[in-house]
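# Analysis of the macromolecular model
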Amino acid sequence: MLSEGLLMTRNVSKSFGGVVALKNVSVSVRPQTLTLVIGPNGSGKTTLINVIGGILQPDEGHVYFSGLDITKLSPHERFRLGLARTFQTPQLFTSLSVLENVLVPDRSYYEERVIEILLNNVWRIKEKEYVEKAFSILRLLNLDRLWDASARELSGGQMKLLELARVLMSDPKLVILDEPLAGVNPSLANEIMGYLTKLRSGLGTTFLIIEHRLDIALKYVDHVIAMHQGQVIAEGLPDEIVKHPAVVEAYLGG
Ligand code: ADP
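The protein chain carries the name Probable branched-chain amino acid transport ATP-binding protein LivG in an unreviewed UniProt entry, which gives Infirmifilum uzonense as its organism. Check the Function (unreviewed entry) section of the UniProt entry for the protein chain; it says "Probable component of a branched-chain amino-acid transport system."

### Side note on the nonpolar core
If you look at the biggest cluster of nonpolar residues, it comprises 48 residues, and the most contacted ones within it are Leu141 and Leu162. At 7 residues, helix α7 (residues 186-202) tops the list of elements feeding residues into this core. If we skip the residues at most four places from it in the chain, leucine 141 touches Leu161, Leu164, Ala165, Leu168, Tyr195 and Leu199. Among the nonpolar cores identified, the runner-up in size contains 23 residues, and Leu6, Leu56, Leu174 and Ile210 belong to it.

### Some remarks on the site of the ligand
With respect to spatial proximity, the complete set of residues near the ligand consists of Phe16, Val19, Ala21, Pro40, Asn41, Gly42, Ser43, Gly44, Lys45, Thr46 and Thr47. In the model, an oxygen atom of the ligand is placed 3.1 Å from a nitrogen or oxygen of the serine 43 main chain. Threonine 47 places a side-chain nitrogen or oxygen 2.5 Å from an oxygen atom of the ligand. Starting from 560 Å² of accessible surface for the ligand in isolation, the protein chains cover 59%. Elements with a minimum of two residues in the shell around the ligand: β2 (19-25) and α1 (45-53). In the shell around the ligand, the residues fall into 4 nonpolar, 6 polar and 1 charged.

Cut-offs applied
Numbering of residues starts from 1 in every chain and runs along the sequence as written. Local features in a predicted model are, by the rule used here, given only for residues with pLDDT of at least 70; side-chain atom pairs are given and counted only at 80 or more, and totals for whole chains, interfaces and linings are based on all residues. Excluding hydrogens and water, the side-chain values take into account all heavy atoms of the structure. UniProt positions are given in the numbering used here, feature names are shortened, and annotations may be inferred rather than shown by experiment. Here, nonpolar core refers to any group of buried Ala, Val, Leu, Ile, Met, Phe, Trp, Tyr and Cys residues whose side-chain atoms link them within 4.5 Å. Under the scheme applied here, a residue whose accessible area is under 20% of the maximum for its type counts as buried, over 50% as exposed, and between as partly exposed, the area being computed with a 1.4 Å probe on protein chains only. To qualify as a helix, a DSSP run of H or I must reach at least 4 residues; to qualify as a strand, a run of E must reach at least 2; elements of each kind are numbered from the N terminus. Note on contacts: a residue pair qualifies if any of its non-hydrogen atoms lie within 4.5 Å across the two residues. Near residues are defined by distance, with any heavy atom within 4 Å of the molecule or strand qualifying the residue. Here a polar contact is taken to be a pair of N or O atoms separated by no more than 3.5 Å, where protein atoms must pair a possible hydrogen donor with a possible acceptor and residues adjacent in sequence count only if both atoms sit in side chains. The accessible surface values rely on the Shrake-Rupley method and a 1.4 Å probe; as for residues, cover is taken only from the protein chains in view. Residues are grouped as follows: Ala, Val, Leu, Ile, Met, Phe, Trp, Tyr, Cys and Pro are nonpolar; Asp, Glu, Lys and Arg are charged; every other residue, Gly included, is polar.

Below you can see the structure in the form of structure tokens.
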């Protein structure tokens, strides 16, 4: 049983042809933290989250989640265990309303519901609970007043929040966020980071975040993992990491 982290990679390596994207990467994400992965372009951040999310298979090494070896599981199987992710470009139904977007069941929810409908006919009760849950999540993210707006009317930052709302409907233990602040105005960017800290403390959700806007993100996160050329070069508290010589060198050296 692995108890150190909710999520762990152990000696993960991944190459694309001759390009080594990850080399012996071992990281741990402690439960109920905001953990930020930083590093210059090409340092392996995207490859790492794709290996963790199951989009890519590592050449070597293992990924553990909640004490289970999930290295061979599909993204969908990982999702069912509580490992969810959002994408740089939100995956929304633009012709549907904000509330509908949150309610549109993902496949795993739908499958469970079909069985419920067939066996118990309790779907009406569940439906009400589901709408209430959707509203409480929208309230947490300050999107409830927009529940009836079409998703396409939202700003870029609000779309990112809506995607997060959709993901939260599945009660994930850990959410991977790929650049949640990209293209978002500073005030909403701070708001988004504030919501993440609120979700961590309130719901106990753990977040693993890739983000380039360090001026904003570093103020909110608990732990930073710094990468360079496919390896972890430093990790620790935000204040320590920004001053770490290897990190400074990685950024200055390009
Ligand atoms: P980051 O997200 O930190 O910018 P990436 O994980 O995207 O870094 O990339 C790490 C390295 O792997 C880079 O050299 C990149 O060019 C290479 N790489 C990533 N994905 C692919 C791919 N699908 N095919 C070939 N090379 C890739």
